Amino acid sequence: MLAELSLAAMLFAQSRDLPPGDAGTSAVGEARSRDEIVLQVASGTIGEVEAPGIVMVLLLPATRREEAQPADGPFFARPHPFASASIGLSDGQVVRLGGAVEDSIEPRWHPAPLEDLDGTFRVQAVFRPARVDPTPGAAPEIRSEVVLVDLDPQREDRIDLELLPAPERIMPPRRMTMDAAPPTWTAVEEPSVLLRDAASSDPVHRAWVVFPAGYHDLAAPRRVFPTIYVIPDQGDGVAEAASIRDAIALEETLATMPQAVWVVLDPSSRWGHHGFADSPVHGPRATALVEEFIPSLERRFRLLPSGDARLLMGHGAGGWTALWLQNEFPREFAGAFATSPETVDLSRLGFVDAYGVDAFVDQEGSPLPAFREPVAAGEAVRTMIDVESAMARTADPLGRSGDRWDRWAARMSPLDSTTGAPRRLFDEEGRIDRDLSEQWWLRQDLAAAVAREPRRRIPLWDEKIHVWVGSRDEFFNDRACLSLRSLLADLRRGLMISKEGRGGIRLVPGATFETVVPKSRVEMYDAMIRTLRGRGVHD
């Protein structure tokens, strides 16, 4: 299979419509004028001076019919040019990226500098402040409008963009009042003593609480509720909470949903998704959640204060978090329900072995794929690991790109004493840091934990853990999930442990990273209801 993927990658590389170039370089000929991007910050956009964040300018070829805005990228499915610079901004500021002006800033470019680009592009700028999640789509983001530009390598080009105030969003109330209709959801933000004492950069708990039907009805038969803790993948937790609120409002979906209070936890950080794992970079996130935040929520919102009444649910990075918390705190939660979970087996991070030698090529020297796209005839590789890594390093050399390898490093690695950034698993040449993976990353390897303690871990996976992953997962998460499923089966047979629970890892034929969610939702909700009923906390 890998040979087929490598062939597809070579064909893709030959067909790309982008010129060659190295990230962060500017191949400017002597007779060529310098191109530039002029970025204006509109009044009322930022306010006070913002500490250095990441400014990105992303260009999508106008020939592509992309529904998403350029600032939603970089896109793995269709690698495209973008520039990045680490700077601080303030209202009214004008920033020149490139060009010959004395105070201009030379940005990092991938895969080629602006001077080499030829054709018509849709262009958009985005500013991601240092204090917030750098993942594309995470809120709040400050963006420009999308402009159409025609670029020519033989002339001097200038792109004018204006960063504008973020549009108003529908947000849940922060205080519970009964002056009007009872609230259907609310926002919660509380300081954390444990995170503060650990000198965390963000010592705060945040969540959005969505109430079930009947929560505010004094005549309702149930007055105290079980809780489903939802951990989003990347992006906006408010949007996740809003979708649950809207589903509860629909009679046809409400009938299939568990009768519970839904708490959408905020996993965002300046380094990306922190995964609610105790780590040197993020601090004691898991401990603070279980010992501080959950008890506080249970006191405030009439939640049953029992592990039998708590479920975990997540997708992607949030799926891993649900599995991790269930494994680390088996008595504090009654079940974990995950779709497309990542990093469950660190020996199979897609095609990369974290305990191996090279992250870019296999033993035969063939490039390792990072992202595939389902097509009618099967699948096509769109991006290789070396390209993904170059994109992340272009976005931010210190690891605040929001790329999965950077956020994994922040979750599992210590800080580098020289750079002050999390240590990356591999260098620019793809050489894996075995000391790092075997001393630090191994601690969060779920498959390795099963192998170390099979008699303790296997019953947990069989009884409390439910996983759904698509056979056409774009990031190859199915490889790790199926590897773990095989490990569980082999150890179970060797130890003569019978599988009695209803948990397990399910491969959903034809499903992708995203489509596995709707394809598994009814089965997931049914399993949740069975779990809660079995513990006497659901009608």
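Right above here is the structure, for reference.
Below is a short write-up of the structure.

Criteria and thresholds
Residues numbered from 1 in each chain as written. Predicted model: local features only at pLDDT ≥ 70, side-chain atom pairs only at ≥ 80, totals over all residues. Heavy atoms only, no water. Phe/Tyr/Trp six-rings, centres within 6.5 Å; stacked < 30°, edge-to-face > 60°. Helix = DSSP H or I, 4+ residues; strand = E, 2+ residues; numbered from the N terminus. Buried < 20%, exposed > 50% of the residue type's maximum accessible area, 1.4 Å probe, protein only. Pairing = 2+ DSSP bridges. Axes fitted to C-alpha atoms, helices over the stretch in contact; angles between N-to-C directions. Core = buried A, V, L, I, M, F, W, Y, C linked by side-chain atoms within 4.5 Å. Contact = heavy atoms within 4.5 Å. Parallel < 35°, antiparallel > 145°, perpendicular 65-115°, else oblique. Left-handed = near helix turned anticlockwise from the far one by under 90°. Nonpolar A, V, L, I, M, F, W, Y, C, P; charged D, E, K, R; others polar. Salt bridge = Lys/Arg side-chain N within 4 Å of Asp/Glu carboxyl O.

## Section: the packing of aromatic side chains
Inspection of every chain in the model, using the stated rule, returns 11 aromatic pairs. Relative to Phe476, the ring of Phe351 has its centre 5.1 Å away and its plane inclined at 75 degrees; by these criteria the two rings are edge-to-face. On the criterion of sequence distance, the pair formed by Phe351 in the loop between β17 (335–339) and β18 (369–375) and Phe476 in the loop between β20 (465–470) and α12 (477–494) is long-range, its members being 125 residues apart. Of the two residues, Phe351 and Phe476, neither departs from the other in class, the shared state being buried. Centroid distance Phe475 to Phe513: 5.5 Å. Interplanar angle 80 degrees. Geometry classified as edge-to-face. Placement of Phe475 in the loop between β20 and α12 and of Phe513 in the loop between β21 (504–508) and α13 (516–534) is noted, with a sequence separation of 38 residues between them. Across the pair, exposure class does not vary: Phe475 and Phe513 are buried alike. Ring pairing ties together the aromatic residues Phe211, Tyr215, Phe225 and Phe301, which thus form one cluster.

## Digging into the sheet that holds strand β9 (residues 158–163)
Across the sheet, 3 strands lie side by side as β4-β1-β9; this open sheet has mixed pairing. Since the sheet does not close on itself, it has two edges, and those belong to β4 (94–98) and β9, each with one partner. Within the sheet, the average angular offset between the axes of one strand and its neighbour, ignoring direction, is 20 degrees. Relative to β9, strand β1 (residues 36–41) runs parallel, the two sharing 6 bridges. Bridge pairing links Val38 to Asp160 in β9.

## Some thoughts on the nonpolar core
Ranked by internal contacts, the top residues of the largest apolar core, which has 47 residues, are Tyr229, Leu265, Leu297, Leu323 and Trp461. By residue number, the principal contributor to this core is helix α5 (residues 285–300), which donates 6 residues. Grouped together as the second largest cluster of nonpolar side chains are 33 residues, Ile228, Ile248, Leu304 and Met313 included.

## Thoughts on the sheet that holds strand β12 (residues 227–231)
Read from one edge to the other, the open sheet built from 8 strands follows the order β10-β11-β13-β12-β16-β17-β20-β21, with strand pairing classed as mixed. Edge strands, defined here as strands with exactly one partner in the open sheet, are β10 (185–191) and β21. Sheet twist, expressed as the mean angle between neighbouring strand axes with direction ignored, is 20 degrees. Bridge count between strand β11 (residues 204–210) and strand β13 (residues 261–265): 4 bridges; the pairing is antiparallel. Note on β13: the bridge partner recorded for Ala207 is Leu265. This element, α12, spans β20 and β21 of the sheet and lies at about 140 degrees to β21. Its contacts with the sheet put α13 on β12, β13, β16 (310–315), β17, β20 and β21, and the angle it makes with β17 is roughly 175 degrees.

## Focus: helix α11 (residues 454–463)
Looking only at α11, the buried set comprises Pro454, Arg457, Ile458, Leu460, Trp461 and Asp462. Its buried side turned inward, α11 meets α6 (317–328), α10 (446–452), β20, α12 and β21.

## Section: the packing of α6 against α11
It is the contact of α6 with α11, at a shortest axis distance of 11 Å, that shows an interaxial angle of 130 degrees. In terms of their interaxial angle, α6 and α11 are classed as oblique. Relative to α11, the crossing made by α6 is right-handed. For the pair α6 and α11, the contacting residues are Leu323, Gln326, Asn327 and Glu328 in the first and Arg456, Arg457, Leu460 and Trp461 in the second. Considering only residue class, the contact of α6 with α11 consists of 3 nonpolar, 2 polar and 3 charged.

## A word on the pattern of salt bridges
For the coordinates displayed, the defined rule picks out 34 salt bridges. Between Arg155 and Asp157 there is a salt bridge whose closest N-O contact spans 2.7 Å. Judged by its relative accessible area of 34%, Arg155 falls in the partly exposed class. The class for Asp157 is buried, based on a relative accessible area of 6%.

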